[in-house]
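The lines below spell out each chain.
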Amino acid sequence: MSIQVNNITHIYSEGLPHQSIALDDVSFCAEDGQFIGIIGHTGSGKSTLVQHLNGLLKPKSGSILVSGTDITAPEVVMRDIRRKIGLVFQYPEYQLFEETVEKDVAFGPANLGLDEVEIQARVKEAIELVGLDYEEIRKRSPFDLSGGQKRRVAIAGVIAMKPEVLILDEPTAGLDPRAHRDVLTMIETVHAHENNIIFLVSHNMNDIARLSDKILVMDGGRLALQGSPHEVFSREETLISLGLSLPEPAKLINMARQKGIPAEGTVLTVEDAEEALYQFLKKD
Amino acid sequence: MIRDITLGQYFPGKSWVHRLDPRIKIIATLVYIAALFVAHDFLGILIAVGALAMVIAISRVPLSFMLRGLKPIFLIILFTFVLNLFMIPGKVMARIWILTITEEGLYMAFFMAARLILLIIGSSLLTLTTKPMSLTDGIESLLSPFRKLGVPAHELAMMMTIALRFIPTLLEETDKIMKAQQARGADFESGNIIRRAKSLIPILVPLFISAFRIAQELAMAMEARCYRGGKYRTRMNAMKLEARDFAALILMILFLAGMIAERILL
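The following refers to the structure shown. What you are looking at is a predicted structure, and each value in this text was computed from that prediction instead of being measured. (Residues numbered from 1 in each chain as written. Chains lettered and ligands numbered in written order. Predicted model: local features only at pLDDT ≥ 70, side-chain atom pairs only at ≥ 80, totals over all residues.)

## Let's talk about the interface of chain B and chain A
Each partner contributes residues to the interface: chain B has 17 residues there, and chain A has 22 residues. Contributing elements (two or more residues each) for the side of chain B that touches chain A: α8 (153–183) and α10 (201–224) of chain B. Of all the elements, α8(B) adds the most residues to the side of chain B that touches chain A, at 7 residues. Across the side of chain B that touches chain A, the residue classes tally to 9 nonpolar, 4 polar and 4 charged. (Contact = placed C-beta atoms within 7 Å. Helix = DSSP H or I, 4+ residues; strand = E, 2+ residues; numbered from the N terminus. Nonpolar A, V, L, I, M, F, W, Y, C, P; charged D, E, K, R; others polar.)

## Looking at the nonpolar core
With 84 residues, the main nonpolar core has I38(A), V105(A), A156(A), I167(A) and F199(A) as its most contacted residues. At 6 residues, the largest contribution of residues to this core is made by helix α6 (residues 147–159) of chain A. Not counting residues within four places of it along the chain, the set of residues in contact with A156(A) comprises V105(A), A126(A), I127(A) and V130(A). Core analysis: the second largest hydrophobic core is formed by 22 residues, A35(B), A48(B), M66(B) and M259(B) among them. (Core = buried A, V, L, I, M, F, W, Y, C linked by C-beta atoms within 7 Å. Buried ≥ 20, exposed ≤ 12 C-beta atoms within 10 Å, placed from the backbone.)

## What to know about the sheet that holds strand β5 (residues 69–70) of chain A
Residues and elements named next belong to chain A. Read across the open sheet, the 4 strands follow the order β2-β1-β4-β5; overall the sheet is antiparallel. Bordering the open sheet on either side are β2 (20–30) and β5, each of which pairs with just one other strand. Pairing analysis gives 7 bridges linking strand β1 (residues 3–12) to β2, with the strands arranged antiparallel. Among the inter-strand pairings, Q4 is bridged to a residue of β2, identified as C29. (Pairing = 2+ DSSP bridges.)

## Regarding the environment of I260(B)
Residue and element names in this part refer to chain B. Take I260: it is sitting in helix α11 (residues 243–265). Residue I260 is classed as partly exposed on the basis of its C-beta count, with 15 C-beta atoms lying within 10 Å. Between the C-alpha atoms of I260 and V38, which are 222 residues apart in sequence, the distance is 6.6 Å.

## Considering the packing of helix α3 (residues 101–111) of chain A against α6(A)
Residue and element names in this part refer to chain A. Put simply, α3 and α6 touch, their axes get as near as 7 Å, and they point 35° apart. When the axes of α3 and α6 are compared, the crossing they make is right-handed. Residues V101, D104, V105, F107 and G108 of α3 form the contact with α6, whose participating residues are V153, A156, G157 and V158. The residue inventory of the contact of α3 with α6, partitioned by class, reads 6 nonpolar, 2 polar and 1 charged. (Axes fitted to C-alpha atoms, helices over the stretch in contact; angles between N-to-C directions. Left-handed = near helix turned anticlockwise from the far one by under 90°.)

The following block contains the structure:
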């Protein structure tokens, strides 16, 4: 499985007085098993970009190759694409509609035309993967759950389709710290379990720095930067000028450097920071 | 698809028509509609077309925008046309199978279709050149004399404002939910009518829940800002008639008089 995006451009309300260029000549690629972080300030085109990846939006120009097939071609069957590429929208709990959690999670797999036994197995697996108690929750109404639980049920609904590419658009927005951590742990578990490609759109630099293999930085519909977390977060000025920032541990070490404490290398995570400070203290 | 409806979609501009007082524009639209029913021949329709064309030219709203509003009611126009064409008795022009076309029928068919099209374009001109908010302000102001008769003018206008304000929000919400369900493999296009109706459930349930949530949040936000109905409420932008409004009023009276004269004299 690989995704190759070549020079895609998208314009909203084309030809109307309020037309706006949402994507401008964006190109990148994603390989099997990669975890890709997408960052950018609000309105930079992140959500528009991810909606192109599973064919919900079509680019005005450019192509998107999924394992070699161009999904922008008119003859492509969208169902096959969406079977492979799962998209979890922002605030996915607003898409819940069934009477029970079990039925809601089964909606996606049932649309794939799987048989009853397979659907049941997948529903159970997905609900357990997102860290909920299957037996306890299966017969409950999704509307009676807490915010964090609803979010996890909604994500389970997409995971149950076993997509080879899982796209999550700000999955932790509006959650409390604990639910935030739980959702991220869940994403890591799914990634390890399914070895799929994950795209994570987030405003949280700490999460992005810790989890991503590769980061895409969007600005005004363009891809402003792309590369490994080390490459991207070594460009502090550029990030700040784009309305973004460094992960907190990196900020801490930068402050330490300004106070004259030498610390080696690029620091991205709490562990990196701990190691850098430990090395410094040991030398003392 | 649902985005094609022009009604309530404001076309931003600064033209003379845009800047007219909303009350004048509402009255003008009502007068125009009345005038369309005064007209009883093609000369009358021609005058009405001329007047409308003039106002459209001044408003600088592209004609394609006006025509877009016709799309959803195209079937109704067609239906009216066909019904008139075959159903009006008179001098027979042609026979097709059991249907007959009469001269009077042909005349009426074109006349009624023209009247309907003008009706729609005339009223969409109002919504295209007037912000929904000033439109409801205008309606409130026009209805306020009837308050003594128990017409809740402010409440009606507020309901309309809210309804108009939330049309785009709900459309956006629908779009979002549709996409989310499509991403879960939902299929809204294929199958017979029962299957398709069933496939709407995954959209309608979340949409209703969202609508109730939005309504509740809005009510709370309004109360938090001390809203308690129309009583004692003052306006930030008080409406005031200006020279151009009186000019428009005079033109409107001239137009209506012309239409009536045409009907009586010719």
